[in-house]
Every structure is written in C-alpha cells, then in structure tokens.
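# A closer look at the structure
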Amino acid sequence: ALEGLLGTSGVIADLCKADTWQCENTQLLQKMGFKSKDADCDCCEDENTSISDVTAAEYAYAYRDFANKWWDMSKPVLMD
C-alpha cells in the first residue's frame, strides 16, 4: 500500500511499465537469468537449495537495463 501511495507522488519512477506482478523486479531478474525460481529471497542463499541468488554485480547490470527500458530517469527517485 505504501508503494502505491508513493507511486502517485509524481517524483518516483517505478517498474510498472514492465507490466510485472505488483510492479516488482523479480520476474525481470528471472528473465535476465539472474534470479533462480527456486530461491526465496533476492539477497541471500536459499536454505533448501544452496543456490546463490542475485549478486551485486548482477543487480548493477539489471538496474542499468531497467533505467534504459522502464524507469523515467528524469524522476529523482527510482523504485523497484
């Protein structure tokens, strides 16, 4: 709910143009091959599978891609 409210402020660029569930980055990261569908979080190793998830370098690459495709870079705040 807070993200929805912030998104209406006019100063925030979000990923809603990507047409993903709740404007989240998870599906975009999966399409880029960075996020394992078996992992539970974006920042850790999954306890059940020991699959390392998205690294800082992968996030940096993905966010540059998001900036080119989905974010309005004229906005001062980018939200994923």
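Attention now goes to helix H3 (residues 56-69). Taking 1.5 Å as the rise per residue, H3 with 14 residues should run 20 Å; its terminal C-alpha atoms sit 20 Å apart, in good agreement. Buried residues of H3: Tyr59, Ala62, Asp65 and Phe66, and no others. Buried residues of H3, viewed axially, fall in a sector of 125°; they line one side. Turned more than 90 degrees off the buried face of H3, the exposed positions are Ala56, Ala57, Arg64 and Asn68. Those residues of H3 that are buried lie in contact with helix H2 (26-31).

This part covers unusual backbone geometry. The backbone of Asp19 sits at a positive phi, close to 55°, despite the residue not being glycine. Within the secondary structure, Asp19 sits in the loop between strand E1 (12-13) and H2. On the basis of relative accessibility, which here comes to 71%, the residue Asp19 falls in the exposed class. In this model, Cys23 sits at a positive phi of 60°, which is unusual for a non-glycine residue. With respect to the helices and strands, Cys23 occurs in the loop between E1 and H2.

Bringing the environment of Trp70 into the picture now. One can find Trp70 in the loop between H3 and strand E2 (77-78). Residue class for Trp70 comes out partly exposed when judged on its relative accessible area of 24%.

Checked against the element boundaries, Met32 lands in the loop between H2 and H3. Distance from Met32 to Asp65, taken between C-alpha atoms, is 9.8 Å for residues 33 residues apart in sequence. With residues near it in sequence (within four places) discarded, Met32 still touches Tyr61, Ala62, Asp65 and Phe66.

The relative placement of two aromatic rings is captured by the distance of their centres and the angle of their planes. Under the defined criterion, the tally for this structure stands at 5 aromatic pairs. Measuring from centroid to centroid gives 5.5 Å for Tyr59 and Tyr63, while their planes differ by 65°, and the two rings are edge-to-face. Of this pair, Tyr59 and Tyr63 both sit in helix H3, 4 residues apart, roughly one helical turn. Tyr59 sits in the buried class, given a relative accessible area of 18%. Here Tyr63 falls in the partly exposed class, since its relative accessible area comes to 27%. Each ring, one from Phe66 and one from Trp71, has its centre 5.7 Å from the other, and the planes form 85°; the classification is edge-to-face.

Criteria and cut-off values
Residues numbered from 1 in each chain as written. Predicted model: local features only at pLDDT ≥ 70, side-chain atom pairs only at ≥ 80, totals over all residues. Heavy atoms only, no water. Helix = DSSP H or I, 4+ residues; strand = E, 2+ residues; numbered from the N terminus. Expected span 1.5 Å × (residues − 1). Buried < 20%, exposed > 50% of the residue type's maximum accessible area, 1.4 Å probe, protein only. Arc of directions from axis to C-beta. Contact = heavy atoms within 4.5 Å. Phe/Tyr/Trp six-rings, centres within 6.5 Å; stacked < 30°, edge-to-face > 60°.

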